[in-house]
Amino acid sequence: MIRTLVVDDDFRVGQIHSDYVRRIAGFEVVGEAANVAEALTAVTTLRPDLLLLDVFLPDGSGLDVLRRLSQDLGDSRPDALMITADHDISSVRAAMKLGAVGYLVKPFGSADLAERLHAYRQLRARVDALSRTATADQADVDALFSAARPPAVPRIPAKGHSAPTLSAIHQALRSARTDLSAAEAAEATGVSRATAQRYLSYLVKEGMVRLELRYGTNGRPEHRYRIAR
């Protein structure tokens with residue numbers, strides 16, 4: 001389980017984000033903090049793996065939290081995904097320099113956060129796998145640098161397509177350890193097979209998903225889908 005600490009100055013917003021996290025397999029919320037002081041104390045006592053970290057805090061900035069943790073803990077510092085209404089480019093650049101694994105601008109929905117968290121989980125899995133080897137080739141390095149930055153699903157898809165459903169189908173493929181059929185994608189997202197097939201075809205057309213044909217004993221190919229790399 002990826003231990004997650006939610007840091008937000010608004011108690012209600014923090015609870016909403018915590019609820020989002022609890023819905024995602026592989027993550028658990030170990031605590032919430034509302035300011036810099038509480039966040040630093042919580043990191044020391046709870047030892048989270050990941051911070052969902054707001055920039056605007058009553059006694060400072062989420063960026064101050066990152067700076068303090070980098071000074072005090074070095075490489076042992078938890079990772080941080082910034083979740084904030086601050087879209088000033090200087091804050092974005094500062095977060096990048098301080099090693100944040102992502103930057104999500106409020107307001108956002110559960111699907112947006114889920115996509116970032118699934119990508120982060122994939123990143124950790126890749127790092128853990130590579131840690132058992134002495135070296136990494138270029139493909140491994142490219143995969144690591146791209147894992148925490150999932151390709152963007154169109155916010156306004158083609159007419160007749162729902163953005164939340166499109167995001168859910170796309171995320172199901174990202175989370176799968178292998179390719180999926182339309183029926184498997186439908187089961188993973190709770191939509192009908194016909195709906196899954198329609199959205200998968202759209203994602204293939206957009207270049208975000210790759211269609212592969214698997215031939216069985218009856219000679220008719222099965223359509224399989226995987227995230228385009």
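Sequence order as written defines the numbering, with residues in each chain counted from 1. Only residues with pLDDT of 70 or above have their local features reported here, since the model is predicted, and side-chain atom pairs are shown and tallied only from 80 upward, although totals for entire chains, interfaces and linings are computed over all residues. Side-chain descriptors were evaluated using all non-hydrogen atoms of the structure, hydrogens and water having been removed beforehand.

Undergrad: Account for the overall build of the protein, naming residues and giving values.
TA: Think of it this way: any DSSP run of H or I at least four residues long counts as a helix, any run of E at least two long counts as a strand, and we number them from the N terminus. In terms of regular secondary structure, the protein is built from nine helices and nine strands. Type-normalised accessible area, obtained with a 1.4 Å probe on protein chains alone, sets the label of each residue: buried when under 20%, exposed when over 50%, and partly exposed for intermediate values. When each of the 229 residues of the protein is scored for burial, the buried share is 41%. Long-range contacts, defined as pairs at least 24 residues apart, comprise 60% of the intrachain contacts of the protein with a sequence gap of at least 6. Accessible surface is estimated by sampling points in the Shrake-Rupley manner with a 1.4 Å probe; for residues, cover comes only from the protein chains shown. Working note: accessible area of the protein is about 12400 Å², and carbon and sulfur atoms make up 52% of it. We call two residues in contact when some of their heavy atoms are within 4.5 Å.

Undergrad: Residues and numbers for the pattern of salt bridges, please.
TA: One speaks of a salt bridge when a side-chain nitrogen belonging to Lys or Arg is within 4 Å of a carboxyl oxygen belonging to Asp or Glu. Throughout the structure, instances matching the rule amount to 14 salt bridges. Between Arg12 and Asp10 there is a salt bridge; the shortest N-O distance is 3.8 Å. For Arg12, a relative accessible area of 61% corresponds to the exposed category. Through salt bridges with shared partners, a single network forms among Asp179, Glu184, Arg210, Glu212, Arg214, Glu222, Arg224 and Arg226.

Undergrad: Go over a nonpolar patch on the surface with me, naming the residues and quoting the values.
TA: Like-charged residues are merged into a patch within 9 Å and nonpolar side chains (Val, Leu, Ile, Met, Phe, Trp, Tyr) within 5 Å, provided each residue has over 30% relative accessible area and no salt bridge. Taken together, the side chains of Leu211, Leu213 and Tyr215 define a hydrophobic patch exposed on the protein surface, amounting to about 310 Å² of accessible area. Structurally, the position occupied by Leu213 is in strand β8 (residues 209-215). For Leu213, a relative accessible area of 46% translates into the label partly exposed.

Undergrad: Requested: an account of the environment of Asp19, with residues and values cited.
TA: Along the chain, the position of Asp19 falls in helix α1 (residues 11-22). In this structure Asp19 comes out as partly exposed when scored by relative accessible area, which is 39%. Along the backbone, Asp19 and Ser110 are 91 residues apart, and their C-alpha atoms lie at a distance of 9.2 Å.

Undergrad: Outline the nonpolar core, supporting the account with residue identities and numerical values.
TA: Core analysis: the largest hydrophobic core is formed by 23 residues, its most contacted members being Val7, Leu51, Leu53, Val65, Leu66 and Met82. For this core, the elements supplying multiple residues, two or more each, are β1 (2-7), α2 (36-46), β3 (50-53), α3 (62-73), β6 (79-84) and α4 (89-97). Of the residues forming this core, the biggest block, five residues, is contributed by α2. Excluding residues that lie within four positions of it along the chain, Val7 makes contacts with Ala33, Asn35, Ala39, Leu52, Leu53, Asp54 and Leu57. With 19 residues, the next largest nonpolar core counts Tyr20, Val21, Ile24 and Ala114 among its residues. The criterion is simple. A nonpolar core is a set of buried Ala, Val, Leu, Ile, Met, Phe, Trp, Tyr and Cys residues joined through side-chain atoms within 4.5 Å.

Undergrad: So what's going on with the pairing of β6? Which residues, and what values?
TA: Counting buried positions along β6 gives five out of six residues, so the element sits mostly inside the fold. One ladder, built from four bridges, connects β3 with β6; its direction is parallel. Counterpart to Leu50 in the pairing with β6 is Asp79. Being paired, for any two strands, means DSSP has found at least two bridges between them. Pairing geometry for β6 and strand β7 (residues 102-105), over four bridges, is parallel. In the sheet register, Thr84 faces β7, and the bridge partner there is Val105. Note on handedness: a crossover is taken as right-handed if, strands pointing away from the viewer, the path from the first strand over the helix to the second is clockwise. Regarding the hand of the β-α-β motif, the stretch spanning β6, α4 and β7 is right-handed.

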